[in-house]
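Below are the chains, spelled out letter by letter.
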Amino acid sequence: MRVATWNIHGTRGAAGWPRPGRILDVLAEIRPDLIALQEAQSWLRPGTSMLDEAALADRLDLVPLCVVPGQQGYRGNLLLVRRDAMLRRGPVGLRLGGAQPRGAILAELDLGAGPIRVIGTHLSLGAGRRREQARRLLAAAMEPPPLPVLVLGDLNEIRVQGAALAVLARGFGVPPAAPTFPALRPTLSLDRILAYPAGLISELAVHDTPLARRASDHLPLMACIRLGAP
């Protein structure tokens, strides 16, 4: 199963006007079964969709998991899944607080390889706030019944010993790092894919293409997931 996370920066690229078509073009390069997007909803116009849902379905076979009726995303987050995915629970919106209203989307899915709990999120800039947000995410990730879990998102954390990653390590260990920011010269691993139990991630890679570098100020991060791995 191919999963990914990507902060699409309001579809504006590193600078300039919104160009959502470029986001669809990059998604066509990745071909994910599931992807968590951040900055995919306007704070001021939450009812206005950034991405064309008909194009997502027809071209990419992806559909959004909508927490609030009439809103494509939730607090800037958007979960897209393959159209044939079985939704076992949710999607549920998690409020994480912050100066900008941060949040997460939780869903339990079956994409043909067994059930899995997925959380897509975008954490705050302040270390203290990130630490508290990570505690809430960890509690939601590990709630009963026990399932394999993925947490995907822009954690805004540079150091492995940083606030959020230190908290999440209690359940997920130390996640693999891969530079995704800034897109034109990536040096910082702000975007992460965390998996429980250990061994779910068989491959991790940054999707670094000329198109991806133009489409956002972050690069997408991809992983191959093997459910049932030891």
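A short tour of the structure in this document, coming up. The written sequence of each chain sets the order in which its residues are numbered from 1. Predicted model: local features are reported for residues with pLDDT of at least 70 only, side-chain atom pairs are reported and counted for 80 or more only, and whole-chain, interface and lining totals are derived from all residues. Remark: hydrogens and water are excluded; side-chain values derive from all non-hydrogen atoms of the structure.

Another aspect to go through is the overall build of the protein chain. For the protein chain, the helix and strand inventory stands at five helices and eleven strands. Principal axes of the C-alpha set define a box for the protein chain whose edges measure 40 × 35 × 30 Å. The proportion of buried residues among the 230 residues of the protein chain is 52%. Should any heavy atoms of two residues lie within 4.5 Å, those residues are considered in contact. Here the analysis covers contacts within the protein chain between residues at least 6 apart in sequence; of these, 66% occur between residues at least 24 apart. For this count, His and the chain ends are skipped, Lys and Arg are scored as positive, and Asp and Glu as negative. Taken as the charge location is NZ of Lys, CZ of Arg, CG of Asp or CD of Glu. For the protein chain, the distance from the average position of its 27 positive side-chain charges to the average position of its 19 negative side-chain charges is 7 Å. Here a helix means four or more residues in a row that DSSP labels H or I, a strand means two or more in a row labelled E, and each is numbered from the N terminus. Only protein chains enter the calculation, and the probe is 1.4 Å; a residue is then buried if its accessible area is under 20% of its type maximum, exposed if over 50%, and partly exposed in between.

With that settled, the discussion passes to the packing of helix H1 (residues 20-30) against helix H2 (residues 53-60). Helix-helix packing: each pair is described by the crossing angle between the helix axes and the interaxial distance. Each axis is a line fitted through C-alpha atoms, and for a helix only the stretch in contact is used; angles between axes span 0 to 180 degrees, taken between their N-to-C directions. Close contact between H1 and H2 brings their axes to 11 Å; oriented N to C, the two are set at 25°. As summarised for this structure, H1 and H2 are arranged roughly parallel, according to the angle between their axes. Remark: the crossing between H1 and H2 carries right-handed chirality. Within the contact between the two elements, H1 uses Leu24, Asp25, Leu27 and Ala28 and H2 uses Ala55, Leu56, Arg59 and Leu60. The nonpolar class holds Ala, Val, Leu, Ile, Met, Phe, Trp, Tyr, Cys and Pro. Asp, Glu, Lys and Arg form the charged class, and all remaining residues, Gly among them, are polar. Within the contact of H1 with H2, the residues separate by chemical class into six nonpolar, no polar and two charged. Any angle that is under 35 degrees is reported as roughly parallel, and any over 145 degrees as roughly antiparallel; angles of 65 to 115 degrees are reported as roughly perpendicular and all others as oblique. For any pair of crossing helices, the crossing counts as left-handed if the nearer helix is rotated counterclockwise from the farther one by less than a right angle, and right-handed if it is rotated clockwise.

A few words on the nonpolar core. Among buried residues, the Ala, Val, Leu, Ile, Met, Phe, Trp, Tyr and Cys ones that are joined through side-chain atoms within 4.5 Å form a nonpolar core. Ranked by size, the top nonpolar core spans 24 residues in total, and within it Trp6, Leu27, Leu37 and Leu80 carry the most contacts. Take this core: its biggest share by element is six residues, from H1. The contact partners of leucine 80, leaving out residues within four places of it in the chain, are Leu27, Asp33, Leu34, Ile35, Leu37, Leu56, Leu62, Val63 and Pro64. Listed in part, the 23 residues of the second largest apolar core include Val3, Leu65, Leu109 and Leu150.

Here, any two strands with at least 2 DSSP bridges between them count as paired. Spatially, the five strands line up as an open sheet ordered S5-S6-S7-S8-S9, and their pairing is mixed. Strands at the two margins of the open sheet, each flanked by one partner only, are strand S5 (86-97) and strand S9 (191-196). Sheet twist, expressed as the mean angle between neighbouring strand axes with direction ignored, is 15°. Pairing of S5 with strand S6 (residues 102-110), which is carried by eight bridges, proceeds in the antiparallel orientation. Pairing of arginine 89 across the sheet is with glutamate 108, part of S6. Along the sheet face, helix H4 (residues 163-172) touches strand S8 (149-154) and S9 and points at about 25° away from the line of S9.

For glutamine 41, the position within the fold is in the loop between strand S2 (34-38) and H2. Judged by relative accessible area, glutamine 41 falls into the buried class, the value being 6%. Separated by 66 residues in the primary sequence, glutamine 41 and alanine 107 have C-alpha atoms spaced 19 Å apart. Sequence-distant contacts of glutamine 41, defined by excluding residues within four places in its chain, comprise Pro46, Met50, Gln71, Gly73, Tyr74, Arg75 and Gly76. We define a polar contact as two N or O atoms separated by no more than 3.5 Å, with the added condition that, inside protein, one atom must be a possible hydrogen donor and the other a possible acceptor, whereas residues neighbouring each other in sequence contribute only through side-chain atom pairs. Within the structure, glutamine 41 has its side chain in polar contact with the side chain of glutamine 71 (distance 3.2 Å). Within the structure, the side chain of glutamine 41 is placed 2.9 Å from the backbone nitrogen of arginine 75, a separation counted as a polar contact.

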